[in-house]
Amino acid sequence: MPLLVMKFGGTSVANIDRIRRAAKRVGVEVAKGYDVIVIVSAMAGRTNELVGWVNETSPMYDAREYDAVVSSGENVTAGLMALTLQEMDVPARSWQGWQVPLLTTSAHSAARIEEIPTDNINAKFAEGMRVAVVAGFQGISPEGRITTLGRGGSDTTAVAFAAAFEAERCDIYTDVDGVYTTDPRITDKARKLDKIAFEEMLELASLGAKVLQTRSVELAMRYNVRLRVLSSFEEQSDNAGTLVCAEEDIMESNVVNGIAYSRDEAKMTLISVADRPGIAAAIFSPLSEAGVNVDMIIQNISEEGRTDMTFSCPTDQVARAEKAIEAAKDSGEINYHALVADTDVAKVSAVGIGMRSQSGVAAKMFETLRDEGINIKVIATSEIKISVLIDRKYMELAVQALHDAFGLDKAA
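Cut-off values and rules
- Residues numbered from 1 in each chain as written.
- Predicted model: local features only at pLDDT ≥ 70, side-chain atom pairs only at ≥ 80, totals over all residues.
- Heavy atoms only, no water.
- Buried < 20%, exposed > 50% of the residue type's maximum accessible area, 1.4 Å probe, protein only.
- Helix = DSSP H or I, 4+ residues; strand = E, 2+ residues; numbered from the N terminus.
- Pairing = 2+ DSSP bridges.
- Right-handed = clockwise from strand over helix to strand, strands pointing away.
- UniProt positions renumbered as here; feature names shortened; annotations may be inferred.
- Salt bridge = Lys/Arg side-chain N within 4 Å of Asp/Glu carboxyl O.
- Axes fitted to C-alpha atoms, helices over the stretch in contact; angles between N-to-C directions.
- Contact = heavy atoms within 4.5 Å.
- Expected span 1.5 Å × (residues − 1).
- Disulfide = S-S within 2.5 Å.
- Phe/Tyr/Trp six-rings, centres within 6.5 Å; stacked < 30°, edge-to-face > 60°.
- Lys NZ or Arg CZ within 6 Å of the ring centre and 35° of its normal.
- Core = buried A, V, L, I, M, F, W, Y, C linked by side-chain atoms within 4.5 Å.

### Notes on the pairing of strand β2 (residues 35-40)
Here comes step 1: Most of β2 is tucked away, with 6 of its 6 residues classed as buried.
Here comes step 2: Here β2 shows a buried face lined by Asp35, Ile37 and Ile39 and a second buried face lined by Val36, Val38 and Val40.
Here comes step 3: Summarising the sheet, strand β1 (residues 3-8) and β2 pair through 6 bridges and their orientation is parallel. Residue pairing for β2: Leu3 is matched across the bridge by Asp35.
Here comes step 4: Note that the unit made of β1, helix α1 (residues 16-31) and β2 has a crossover that is right-handed.
Here comes step 5: Across 5 bridges, the pairing between β2 and strand β6 (residues 131-135) is parallel. When the bridges of β6 are listed, Val36 appears paired with Val131.

### What to know about the UniProt feature "domain: ACT" (unreviewed entry) in the protein
Here comes step 1: Using the residue numbers shown here, the UniProt feature "domain: ACT" (unreviewed entry) corresponds to residues 268-348 and 350-412.
Here comes step 2: End C-alpha atoms of residues 268-348 are separated by 17 Å, and the span's content is 30% helix alongside 37% strand.

### Examining the pattern of salt bridges
Here comes step 1: Evaluation of the coordinates by the stated rule reveals 24 salt bridges.
Here comes step 2: A salt bridge links Lys347 to Asp295; the nearest nitrogen and oxygen atoms lie 2.5 Å apart. You can see Lys347 sitting in strand β16 (residues 338-351) and its partner Asp295 sitting in the loop between α9 (279-289) and β14 (297-299), a full 52 residues away along the chain.
Here comes step 3: Classification of Lys347 by relative accessible area gives buried; the value is 4%.
Here comes step 4: Here the salt bridges do not stand alone but share partners, grouping Glu199, Glu247, Arg356 and Glu383 into one network.

### Regarding the sheet that holds strand β10 (residues 195-197)
Backbone hydrogen bonds hold the strands of a sheet together, and the pairing may be parallel or antiparallel.
Here comes step 1: Taken in spatial order, the 8 strands of this open sheet run β3-β6-β2-β1-β9-β11-β12-β10, and their pairing is mixed. Edge positions in the open sheet fall to β3 (92-95) and β10, since each of these has one partner strand only. Adjacent strand axes in the sheet meet at a mean angle of 20 degrees when their direction is disregarded.

### A look at the environment of Asp344
Here comes step 1: With respect to the helices, strands and loops of the structure, Asp344 is situated in strand β16.
Here comes step 2: Overall, the relative accessible area of 44% leaves Asp344 in the partly exposed class.
Here comes step 3: Sequence-wise, Asp344 and Lys267 are 77 residues apart; in three dimensions their C-alpha atoms are separated by 8.3 Å.
Here comes step 4: With residues up to four places along the chain from it excluded, the contact list for Asp344 reads Ile390, Asp391 and Arg392.

### Quick look at helix α2 (residues 46-57)
An α-helical turn contains 3.6 residues, so any two residues separated by three or four positions project in the same direction.
Here comes step 1: Taking 1.5 Å of rise per residue, the 12 residues of α2 would be expected to cover 16 Å, and the 17 Å separating its terminal C-alpha atoms lies within 8% of that figure.
Here comes step 2: At its buried positions, α2 is contacted by α3 (63-70) and α4 (72-87).

### Observations regarding the state of the cysteines
Chemically, a disulfide is nothing more than a covalent bond linking the sulfur atoms of two cysteines.
Here comes step 1: Using the criterion set out here, one finds 0 disulfides in the structure.
Here comes step 2: The thiol sulfur of Cys170 is not disulfide-bonded, and the nearest other cysteine sulfur, from Cys245, lies at 14 Å.

### Examining the packing of aromatic side chains
In this description, a pair of aromatic rings is defined by centroid distance and the angle of the planes.
Here comes step 1: Under the definition given, this model contains 4 aromatic pairs.
Here comes step 2: For the ring pair Phe284 and Phe311, a centre distance of 5.7 Å and an interplane angle of 75 degrees mean the geometry is edge-to-face. Highlighted residues: Phe284 in helix α9 and Phe311 in strand β15 (residues 306-314), separated in sequence by 27 residues.
Here comes step 3: Its guanidinium or amino end placed over the ring of Tyr336, Lys329 lies 4.4 Å from that ring's centre, counting from NZ or CZ.

### Things to note about the sheet that holds β14
Here comes step 1: The 6 strands are arranged β14-β15-β13-β16-β18-β17 in an open sheet whose pairing can be described as antiparallel. In the strand order of this sheet, the two ends are held by β14 and β17 (378-382), each with one partner. Ignoring which end each strand starts from, the neighbouring axes of this sheet average 25 degrees apart.
Here comes step 2: As paired strands, β17 and strand β18 (residues 385-391) are joined by 5 bridges and run antiparallel to one another. Across the sheet, residue Val378 finds its bridge partner in β18, namely Leu389.
Here comes step 3: Where helix α11 (residues 361-371) meets the sheet, its contacts fall on β16, β17 and β18, and the angle it forms with β18 comes to roughly 15 degrees.

### As for unusual backbone geometry
Here comes step 1: In the segment running from Val100 into Pro101, the intervening peptide bond is cis, with an omega of -10 degrees.
Here comes step 2: Within the secondary structure layout, Pro101 lies in the loop between β3 and β4 (103-104).
Here comes step 3: One non-glycine residue, Ser109, adopts positive backbone phi at about 75 degrees.
Here comes step 4: Mapped onto the secondary structure, Ser109 falls in the loop between β4 and β5 (113-115).
Here comes step 5: Positive phi outside glycine occurs at Asn224, with the angle close to 55 degrees.
Here comes step 6: Within the secondary structure, Asn224 is located in the loop between α8 (214-223) and β11 (227-231).

### Examining the side chain of Ser232
Here comes step 1: Topologically, Ser232 is positioned in the loop between β11 and β12 (242-245).
Here comes step 2: If sequence neighbours within four positions are ignored, Ser232 has contacts with Ser12, Arg21, Arg25, Tyr173 and Thr174.

### Considering the nonpolar core
Here comes step 1: Grouped together as the largest cluster of nonpolar side chains are 41 residues, with contacts concentrated most on Val5, Ile37, Ile121, Phe161 and Cys170.
Here comes step 2: It is helix α6 (residues 153-164) that provides the largest number of residues to this core, a total of 5 residues.
Here comes step 3: The contacts of Ile121, once residues within four sequence positions are left out, are Trp95, Val100, Met129, Ala132, Val134, Phe161 and Phe165.
Here comes step 4: Listed in part, the 26 residues of the second largest apolar core include Met6, Val40, Leu85 and Val131.

What follows is the structure in structure tokens.
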């Protein structure tokens, strides 16, 4: 039979009534003739509760036991979903990660999927099971220990199953009804997109859009898994939600398809570092080793053998970055006059595959910000993205102005 993967996030399975509602959606697809693999998250708030218990019990916890505890939330949901489906006379069975088995690396709390053998689940489908309810976010290490994939890992689980089982489609049910041109909470002109290219969705996810986890979009693009983002709280039609697909499946789209933002950004500048071969490696290697997620990087023109180096990172990583840079200075790897951190900035980005073939996007973006009196601190670009750092107090104004300037309230 054709196969679908359906993933339900925490808000979609927050209580028994919502689990029943989700199960009815699964039943509709079974009635259409599909075998279904359902991936479930923990009930809303449960993972935070479990993490809190771990921290309260052991602040310097063993990561293996952390995974054993926090993975239990998905196990509960999977069992309840299977029981609900059985009550609807739908042959269903719950599966924990180790039962599949979903094979991962040994990096506890941040494991990566290595392989998903299909034999066990396919054998049960052959015996008459119609729905496999799989606990998301978890797998098993080469040592036989439970692992977890990091927050939001159930999205990655769903896409990985869709790729492994060659599913017709992977439906991600959330508390929003699709992917929007920007955050509807910032502008009521935000428009739901019917389709969006993998590359655009990957950029938007990495730049702050929280609809899909970045790793899940990477996997979908690599294996060409058609993703559909839908609301679990609204009535569905065949064209509901937003389809995330290959660029060639989209007939026409706007030059810019979305405006993303990240509120919690910091700008860090090393003032007057020696301009010599290897200086960038001497700065950014310690930052990488310290786990600092560096984004934008700008180097000024050298004067008298000295230069300034600016980079951005999340605000919650500033202390870690300062420690790494100061340690590199103490060891003699780098020398600078001052390290200045500006933690009151935000990143705003325009994203669109149409930028590849049309000029003038950067000019329009910069002119729009100028007209609103917004100063740009840092600029970074890629083939389909332009990002700027600005004062955080202007973030919402910038998003609204750019959304209007690029006419994102209108379809292509």
